[in-house]
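# Structural features, examined
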Amino acid sequence: MFFLLVLGSILSLAALAFFTPTLAPFLSDQFHLNEEHIGLAFLSGPGTYMIVALVVGQLSDKYGPRWFVIVGFLIAGGAFFFVGPADFISLPKLWITIVSFSFIGTGAALGIVPIYLDMLNIAKSTVDEDSQAITGVVSGVSSSVLSLGEFIGPLIGGALTNVLDFQTSAMVFGEVLLAEGVLLLGATVIDRWFQGT
C-alpha cells in the first residue's frame, strides 16, 4: 500500500505539471488566445488547488485521508479526458478546458494534501520505531516524490505531445490517473476486508 501512495504522490503533482510545456501551445493553437488569456487559463488549475487544499487538509484529518486520495485520482483522471477534450467527446470549447483544468486542480489537491497523513499512518502501523524518526523519514520520502512528480510531469507531457496530439496525450495521462485510483480503491477494499477477518 505504501508503494501505491508513493506512486500516487508522484502522479498527483505530475498531473498539474503535465501542462507546463503543453497547455500554452494548445490554447494558442486551438482557441487563438494571447499570453494574458493563457495565463488566466493556467490559473484555474492551481487556483482551484489552492482553495480546495485548505479545506481538504481539515476534512482528511477529521474523516481519514484514504477516500479523499482515491476520489482525487478519479476526479483528476476523468477531467484529463475533457481538458483536450478526448476525440470521442468532441466538445472543443474553451470553458470546458478551463473547467476541466479546475477539476484537475481539485483532484490534485485531494491527492496531494491527505496522502502524507496516509503514508505516515501506514509507516507507524508497520514499523516499531520512534514515532518522531518515522515522521522525519516519511516527510523526506513525501517531499522527494512530490519533487519527482513535479519533474516528470512536464517531461511526460512534452514527450507524449511530441508523439501524440494534446488531446490524446491528456487522455493517456488521465488513464494512468484513473488506473492509480482504481488500484488504490482495490488495495483499500482488500486491506479493509483482511482487517475485518
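In this text the structure is predicted, and so the values were computed from the model without any measurement. (Residues numbered from 1 in each chain as written. Predicted model: local features only at pLDDT ≥ 70, side-chain atom pairs only at ≥ 80, totals over all residues. Heavy atoms only, no water.)

Looking now at the packing of aromatic side chains. For the structure on display, the rule yields eleven aromatic pairs. With a centroid separation of 4.2 Å and an interplanar angle of 20 degrees, the aromatic rings of Phe26 and Phe166 are classed as stacked. Of the two residues, Phe26 sits in helix 2 (residues 23-31) while Phe166 sits in helix 8 (residues 166-196), which places them 140 residues apart along the sequence. A relative accessible area of 6% places Phe26 in the buried class. A residue is classified by how much of its surface remains accessible, and Phe166, at 8% relative accessible area, is buried. (Phe/Tyr/Trp six-rings, centres within 6.5 Å; stacked < 30°, edge-to-face > 60°. Helix = DSSP H or I, 4+ residues; strand = E, 2+ residues; numbered from the N terminus. Buried < 20%, exposed > 50% of the residue type's maximum accessible area, 1.4 Å probe, protein only.)

What follows concerns a nonpolar patch on the surface. A cluster of nonpolar side chains, contributed by Leu54, Val55, Leu59 and Tyr63, occupies part of the molecular surface with about 420 Å² of accessible area. Exposure remark for Tyr63: the relative accessible area of 56% places this residue in the exposed category. (Patch = residues over 30% accessible without salt bridge, like charges linked within 9 Å, V, L, I, M, F, W, Y side chains within 5 Å. Areas by Shrake-Rupley, 256 points an atom, 1.4 Å probe, with all protein chains shown as cover. Salt bridge = Lys/Arg side-chain N within 4 Å of Asp/Glu carboxyl O.)

Another aspect to go through is the nonpolar core. Within soluble globular proteins, side chains that are nonpolar tend to cluster in buried spots. Membership of the largest hydrophobic core comes to 45 residues, with the highest contact counts inside it found for Phe19, Leu27, Phe80, Ile104, Phe173 and Leu177. Among the elements of the structure, helix 1 (2-17), helix 2, helix 3 (35-63), helix 4 (66-83), helix 5 (94-112), helix 6 (115-126), helix 7 (131-163) and helix 8 are those that each provide at least two residues to this core. Not counting residues up to four positions away in its chain, the partners in contact with Leu177 are Leu11, Ala15, Phe73, Ala76, Gly77 and Phe80. Of all hydrophobic cores here, the second largest spans six residues; its members include Val56, Phe68, Ala109 and Leu110. (Core = buried A, V, L, I, M, F, W, Y, C linked by side-chain atoms within 4.5 Å. Contact = heavy atoms within 4.5 Å.)

So, on to the confidence of the model for the protein. When the pLDDT values of the protein are averaged, the result is 89; 98% of them are 70 or greater. The least confident element of the protein is helix 6, whose mean pLDDT is 87; the most confident is helix 4, at 93. (pLDDT = per-residue confidence, 0-100.)

The next thing to look at is the pattern of salt bridges. Tallied over the entire structure, the rule returns one salt bridge. In this structure, Arg66 and Asp118 form a salt bridge, with 2.4 Å as the shortest nitrogen-oxygen distance. Highlighted residues: Arg66 in helix 4 and Asp118 in helix 6, separated in sequence by 52 residues. Grouping residues by exposure puts Arg66 and Asp118 together as buried.

This next bit is on helix 2. Among the residues of helix 2, Leu23, Phe26, Leu27 and Phe31 are the ones counted as buried. Down the axis, helix 2 shows its buried residues gathered within 95 degrees of arc, on one side only. Buried residues along helix 2 sit in contact with helix 3, helix 4, helix 5 and helix 8. At the exit of helix 2 stands His32, carrying a positive phi of roughly 55 degrees. (Arc of directions from axis to C-beta.)

What follows is about the environment of Phe19. Along the polypeptide, Phe19 turns up in the loop between helix 1 and helix 2. Residue Phe19 is classed as buried on the basis of its relative accessible area of 0%. Once the C-alpha coordinates of Phe19 and Phe101 are considered, the two residues, 82 residues apart in sequence, prove to be 9.4 Å apart. Not counting the four nearest positions on each side in its chain, Phe19 is found in contact with Phe42, Phe80, Val83, Phe101, Ile104 and Phe166.

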